[in-house]
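Secondary and tertiary structure notes
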Amino acid sequence: MGTKVLIGLPTMEHIRRAEFLPHFMALDKPDGSMLITVHGQSPAESRNIIIQQALDNDCTHVFLMDDDVIVPQDAIIKLLSHDKDIVCGLYLMRGFPHFPVIFDEPFPDGQCKYMFLTSDKQALVPIVNCGFGIVLINTRVFKGMEKPWVRLGEIIKDGWCDDIGFFNRAREAGFKLFCDLDVRAGHMASVTVWPAFTDGRWVTEYTHSGGKIMIPQTVPQEAVK
């Protein structure tokens, strides 16, 4: 059987921003690929519906993405080329300091350590966990795991996170995880822009739920006296 990808997009009431749509529609995909969007309040339930549809339709892979992530047009094709159990693209947390949503060390409590983007990290790298924002999963992974595949509250009982627990269980079941650092996605954020004066200069300050970022104000050379 040839490659057959189910592209799954879970959403709530609406996508985060309209700019998501042209990127989503422009995705390159193998012939015979399928697409499903699932609307619901629980991301875990929506992902489980997507996974079940992939199995029911004899798909070889599921490509999961979030509706607040801008995915490169060739992402699916590049991730497929690695022929891995689980392979994700690279995107950053919305909150400052914007760590990458990939992890390289598991902790006993189920949580994981972020993989920091040092200069030696390039191309395809092994990881122990990742997010659901841009990830390709071979359906043999789901066939080797118990239902429900995706669950809320596994790591933090009253938490909304559903990815860390799933990928922990996939890894413990013997499946290997990788990240292609050349497949880079954008993560939409909401910020408030402030003028600020600090250390003797004007800066632009971006504040959001995770903290703040300051960059120097742009001043044309001819305006400098």
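Presented here is an overview of the structure given in this document. These figures come from a predicted structure and were not determined experimentally.

Moving on to helix 2 (residues 43-56). One turn of an α-helix holds 3.6 residues; hence residues three or four places apart share an orientation. Here helix 2 is 14 residues long and its end C-alpha atoms lie 20 Å apart, about the 20 Å a rise of 1.5 Å per residue gives. By the burial criterion, the buried members of helix 2 are P43, A44, S46, R47, N48, I50, I51 and A54. Those residues of helix 2 that are buried are in contact with strand 1 (5-11), strand 2 (34-39), strand 3 (61-65) and helix 4 (139-143). Of the residues one or two after helix 2, D58 is the one with positive phi, at around 55°.

On the basis of which strands lie adjacent, the open sheet formed by seven strands has the order 2-1-3-10-5-11-8 and mixed pairing. Among the strands making up the open sheet, the edge pair consists of strand 2 and strand 8 (124-127). Going from strand to strand, the sheet's axes swing by 25° on average, the running direction of each strand aside. By the bridge criterion, four bridges tie strand 8 to strand 11 (residues 177-184) in an arrangement that is antiparallel. The partner of L124 across the bridge, within strand 11, is D180. Of the strands in this sheet, strand 1, strand 2 and strand 3 are in contact with helix 2, which crosses strand 1 at around 160°. On the sheet, helix 5 (residues 163-172) packs against strand 5 (86-90), strand 10 (134-138) and strand 11 and is oriented at approximately 35° with respect to strand 10.

Rules used throughout
- Residues numbered from 1 in each chain as written.
- Predicted model: local features only at pLDDT ≥ 70, side-chain atom pairs only at ≥ 80, totals over all residues.
- Heavy atoms only, no water.
- Helix = DSSP H or I, 4+ residues; strand = E, 2+ residues; numbered from the N terminus.
- Expected span 1.5 Å × (residues − 1).
- Buried < 20%, exposed > 50% of the residue type's maximum accessible area, 1.4 Å probe, protein only.
- Contact = heavy atoms within 4.5 Å.
- Pairing = 2+ DSSP bridges.
- Axes fitted to C-alpha atoms, helices over the stretch in contact; angles between N-to-C directions.

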